[in-house]
Amino acid sequence: SFVARLGHQEHQLSAEVVAGVARIRAEVEAAAQKDLTGEEIRSIMNAVGYASSPGWNGQGHWFQCPNGHPYLIADCGGATMESACPECGATIGGAQHAIRQDNARATSFLQRAQG
């Protein structure tokens, strides 16, 4: 019947959409795991004003969450609060100008910026 054929086509279309979304999600996640180039990192630093510029003294420090995602603490670079990593949701930051023990300096991120 027409209704049965329509239901079958709808189910088939839904399966194709779900498969397409899963494929796109996998591609996006793979791209997100790609390391940034030094040029991309320098562009990020310039965008957030990390490079010395008028009105910005270049202070601050780059850290990484427990999963290796970099983040910047501006001004003195000391942590005064905790937040969630926008990439993975891990807790970042710290308190009383001390970084959490499971966070670390983003040394490889900075080394790639120099490269």
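Owing to the predicted nature of the structure, the values given are computational and were not obtained by experimental measurement.

Cut-off values and rules
Here the residue numbering is sequential within each chain, running from 1 through the sequence in written order. Whole-chain, interface and lining totals are the exception, using all residues; otherwise, since this is a predicted model, local features are given only for residues with pLDDT of at least 70 and side-chain atom pairs are given and counted only at 80 or more. Calculated side-chain values reflect all of the structure's heavy atoms, with hydrogen atoms and water omitted. Remark: nonpolar core denotes a set of buried residues (Ala, Val, Leu, Ile, Met, Phe, Trp, Tyr, Cys) joined through side-chain atoms within 4.5 Å. Only protein chains enter the area calculation, which uses a 1.4 Å probe; residues under 20% of their type maximum are buried, those over 50% are exposed, and those in between are partly exposed. Any two residues whose heavy atoms approach within 4.5 Å are treated as being in contact. For two strands to pair, DSSP has to find at least two bridges joining them. Runs of H or I in DSSP of at least four residues are treated as helices and runs of E of at least two as strands, each being numbered from the N terminus.

A. Examining the nonpolar core more closely. F63, C65, Y71, I73, A79, C85, A90 and I92 together form the largest nonpolar core, which totals eight residues. Not counting the four nearest positions on each side in its chain, C85 is found in contact with C65, H69, A90 and I92. One finds I41, W62, F109 and A113 within the second-largest nonpolar core, a separate group that totals six residues.

B. Up close: the sheet that holds strand β5 (residues 98–99). As summarised here, the arrangement of the three strands in space is β3-β4-β5, forming an open sheet in which the pairing is antiparallel. The sheet is open, and its two edges are formed by β3 (82–84) and β5, each paired on a single side.

C. Up close: the pairing of strand β4 (residues 91–95). Alignment of β3 against β4, held across three bridges, turns out to be antiparallel. Along β4, the bridge assignment pairs S83 with I92. Summarising the sheet, β4 and β5 pair through two bridges and their orientation is antiparallel. Counterpart to A95 in the pairing with β5 is A98. Taking the residues that link successive antiparallel strands as the turn, the β4-β5 hairpin has two residues, and the phi of Q96 there is positive, at about 50°.

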